[in-house]
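# Geometric and topological summary
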Amino acid sequence: MTLTDGTGTAHTLTSGDVDMGGVQSVLAMAGVVSAFVTVFVVAGTCAFGIALRRRDMGLLRLIGTGGRQVRRMVLGESLAVAVPAVLTGCAVAAVAAPVVVRALNGTGLAPVDLRPGPLLGPLLFAAGSGLSMAVLGTLAASRRAARVRPSEALREADLDARTMTAGRWVTGLLTLATGVVMVALAPGAGAEAATPLALFGTMALAVAATLLGPVYLPQLLRLMALPLRWADPVAGRLAAESVRTSRRRTASLVGPVLAILAVVGAFTTVLSTTGAATEADDRARTVAQLVVEPARGDTLSADVLKALRADPRVVAVSAPAELEVAVAGPHSVWKEQAAVADPATMARTHRISVVDGSLAPLRPGTVAVSREFADWYGHRAGTMVTYGIFGSRPVQARVVAVLEGGSVVPPVLLPDGAAGAGAAPSRASVLLDGNAVDSPGTVAAELTARVGAERVRVVPSTEWLGEKATDQDRLNKLVLGVLTVPSSLYALIAVAGTLVMSYSRRGGEIAGMRMLGVSVAQVRRMALWEALSTSVLGVLVAAGVVAVGARAYRGALEVFGGEAPLSVEWGMLATLTAACVLVGVVVSLAATGPLLRQASVRGPHARPWS
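### Description of the overall build of the protein chain
In terms of helices and strands, the protein chain carries 19 helices and 13 strands. Looking at the protein chain as a whole, 46% of its 610 residues are labelled buried. Summarising the internal contacts of the protein chain: among those between residues at least 6 apart in sequence, 82% fall at separations of at least 24. About 29,000 Å² of surface is accessible on the protein chain, with carbon and sulfur atoms providing 63% of the total. One finds the centroid of the 54 positive side-chain charges in the protein chain at a distance of 16 Å from the centroid of its 42 negative side-chain charges.

### Some words on the side chain of Thr286
Summarising the element assignment, Thr286 is placed in the loop between α10 (247-285) and β3 (290-294). A polar contact is formed between the side chain of Thr286 and the backbone oxygen of Asp282, at a distance of 2.6 Å. Residues in contact with Thr286, not counting those within four places in the same chain, are Thr349, His350, Arg351, Ser461 and Leu465.

### Quick notes on the nonpolar core
In terms of nonpolar packing, the biggest core is built from 79 residues, with Phe36, Leu258, Ile260, Leu261 and Phe267 touching the most fellow members. At 15 residues, the largest contribution of residues to this core is made by α10. In this structure, Phe267 is in contact with Met29, Val33, Leu199, Met203, Leu480 and Leu483, ignoring residues within four places of it in sequence. Formed by 20 residues, the second largest nonpolar core is a distinct cluster that contains Ala321, Val369, Phe373 and Val385.

### Here we look at helix α16 (residues 507-515)
Every buried residue of α16 is listed here: Gly507, Ile510, Ala511, Met513 and Arg514. The buried residues of α16 all sit within an arc of 160° when viewed along its axis, so they share a single face. Residues Gly508 and Met515 are exposed on α16 and point more than 90 degrees away from its buried face. Just downstream of α16 lies Gly517, where phi reads positive at about 105°.

### What about the sheet that holds strand β4 (residues 314-318)?
Strands in a sheet are paired, the pairing made by backbone hydrogen bonds, and the direction either parallel or antiparallel. In spatial order, the strands read β4-β12-β3-β13; together these four strands make up an open sheet with antiparallel pairing. Two strands in the sheet have a free side with no partner beyond their single neighbour: β4 and β13 (456-460). Strand-to-strand, the axes of this sheet are offset by a mean angle of 25°, without reference to chain direction. Pairing analysis gives four bridges linking β4 to strand β12 (residues 428-432), with the strands arranged antiparallel. Within β12, the position partnered with Val314 by the bridge is Leu432. Set on the sheet, helix α11 (residues 302-310) makes contact with β3, β4, β12 and β13; between it and β4 the angle comes to about 155°. The strands touched by helix α15 (residues 461-503) within the sheet are β3 and β13, with β13 carrying the most contacts at an inclination of about 100°.

### Topic: the pairing of strand β6 (residues 333-340)
Counting buried positions along β6 gives six out of eight residues, so the element sits mostly inside the fold. Pairing between strand β5 (residues 321-328) and β6: eight bridges, direction antiparallel. Note on β6: the bridge partner recorded for Glu324 is Gln337. Between β5 and β6, which pair antiparallel in sequence order, lie four residues.

### Here we look at the environment of Val304
Position of Val304 relative to the elements: it lies in helix α11. The sequence separation of Val304 and Gly16 amounts to 288 residues, and the corresponding C-alpha distance is 27 Å. Beyond its immediate sequence surroundings of up to four residues, Val304 is in contact with Val451, Arg455 and Val456.

### Quick word on a nonpolar patch on the surface
Taken together, the side chains of Trp169, Val170, Leu173, Leu174, Leu176, Val180 and Val215 make up a nonpolar region of the molecular surface, amounting to roughly 590 Å² of accessible area. Residue contributions to the nonpolar patch peak at six residues, all from helix α5 (residues 166-185). The topology assignment puts Trp169 in helix α5.

### Describing the packing of aromatic side chains
This model, assessed by the stated rule, comprises two aromatic pairs. Ring centres of Trp334 and Tyr377 lie 4.2 Å apart, and the angle between their planes is 15°; on these two criteria the pair is classed as stacked. Of the two residues, Trp334 sits in strand β6 while Tyr377 sits in helix α13 (residues 371-377), which places them 43 residues apart along the sequence. By relative accessible area, which is 16% here, Trp334 ends up buried. Accessibility expressed as a relative area gives 29% for Tyr377, which makes it partly exposed. Aromatic side chains Phe373 and Tyr377 sit 4.9 Å apart centroid to centroid with 55° between the ring planes, which places their arrangement in the tilted category. Residue Phe373 and its partner Tyr377 are located together in helix α13, separated by four residues, close to a single helical turn. Feature note: the residues Trp334, Phe373 and Tyr377 constitute an aromatic cluster, connected by ring pairs.

Reading the values: the criteria
- Residues numbered from 1 in each chain as written.
- Predicted model: local features only at pLDDT ≥ 70, side-chain atom pairs only at ≥ 80, totals over all residues.
- Heavy atoms only, no water.
- Helix = DSSP H or I, 4+ residues; strand = E, 2+ residues; numbered from the N terminus.
- Buried < 20%, exposed > 50% of the residue type's maximum accessible area, 1.4 Å probe, protein only.
- Contact = heavy atoms within 4.5 Å.
- Areas by Shrake-Rupley, 256 points an atom, 1.4 Å probe, with all protein chains shown as cover.
- Lys, Arg positive; Asp, Glu negative; His and termini not counted.
- Charge placed at Lys NZ, Arg CZ, Asp CG, Glu CD.
- Polar contact = N/O pair within 3.5 Å; in protein donor to acceptor, adjacent residues only side chain to side chain.
- Core = buried A, V, L, I, M, F, W, Y, C linked by side-chain atoms within 4.5 Å.
- Arc of directions from axis to C-beta.
- Pairing = 2+ DSSP bridges.
- Axes fitted to C-alpha atoms, helices over the stretch in contact; angles between N-to-C directions.
- Patch = residues over 30% accessible without salt bridge, like charges linked within 9 Å, V, L, I, M, F, W, Y side chains within 5 Å.
- Salt bridge = Lys/Arg side-chain N within 4 Å of Asp/Glu carboxyl O.
- Phe/Tyr/Trp six-rings, centres within 6.5 Å; stacked < 30°, edge-to-face > 60°.

Have a look at this one:
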């Protein structure tokens, strides 16, 4: 089909092309999530690493090392770690790519089986991206390292020295303002525009919550630790004071948990709420009591539809025949979903409102469009649309009605007998009369027997909508798995790495506790309470951020006759929460063990407190 757009440029489109847009969108979103978590973790780890080494940097400055030399040293260390890591990652990716492609084929998200392509380009891109993230993350930290004063060598509480720098304040407040504005605009932006506003607004709020963490996290942890002081006076008090006084360490431990739960929570909630709102809208708009599908093949034949309409209990049968058309716009030509249908009959089986124009049978040379199509491309009743059914000639048609019907109404409705429209309907909605309304199951069984069980499958509308929702829920879970599993694994590794880094500098602290008589069990319980409190706080802050974004997104969705339901993937989020808590507890206890085994920590004269 060749159509000319408003600028006079001809475009040729071909029907039957494999639509890879869905799986490409999923993989693109997975890349966005992974990139966000990666940048977030790399920047936070670099900053935390420099904070841990302030005394080391102070000693170097004390013996005459210049700021530029310290900065070059930090960058060199970053590259020394990043280059082998990039090479290792590329080697793992080369081995894992065929396995991942086969796993992706098993999900059914792609319309055709995917095959591993050339890896050189993607690996070079990944290597360059990884090195760039490492260098950029280190650059910010190296500036701070270059400003370390020689007097820092004499500090003991080096982690709490200037936890909130000017750059951290400015970036935190800017991201907070950006997130607030985006979330505030989402409810009135419409469903399509609200999706990026809610997602990226939630991400911005998560970044702000982490950057501003040293300001509010210690106070929240202090409140959370009050029960610990009562339940475990020694270990609980030590844990509470540790997380309260070491503000940067606390923020660094909370950060990865907050980031991954906020991102995963935002994406899963937006996707599941969209599906729940669509299902609720379909149920509210459906008036027909029965749905008829072919028992064999993909379409219903004309004699089946004739037999349905001939039944005295049937008031109306709506059977849109879906097809793909090419549509010309002012600046481009694109493919669009259409259907040959009678809007007046559809309005009897479903609750459809007329936004503009009149509801009447379509005549040749006329079309009806959905409200979304009209809003997006600027159409209204009386405007002209140029479209083409593949295999026929282009047609200019006048828009006679703009309809609001949710997913029931396709973007373009064509008149019966449109040139080239040879498609048959894939299902039909049946409206029963008043005497048969109360027994749709019985009527469905009788219609199946009358038309032939080998030809049709007739089920009540509520049952059919439930099956459709179940299939959509399964698809959503597959999409969410592709979106979140890689980034979640990376975030869990980051949680473990941050904990190991923090405990690498706590030998003297734990040795002092042992010298004062704190028992080994009390030290271990202190590590346990610290891990639990920081992990739980990260979960709570992430839940608050996600709740703000989800509520804003929910306000942008429309459900006929009611409010859009809020759907949360509790199972997936609970699993990820449990994984974060488990990793924090296991790594904290494991990192405490070597410190307790050191001779300087065991202290022969130590006595446990009573």
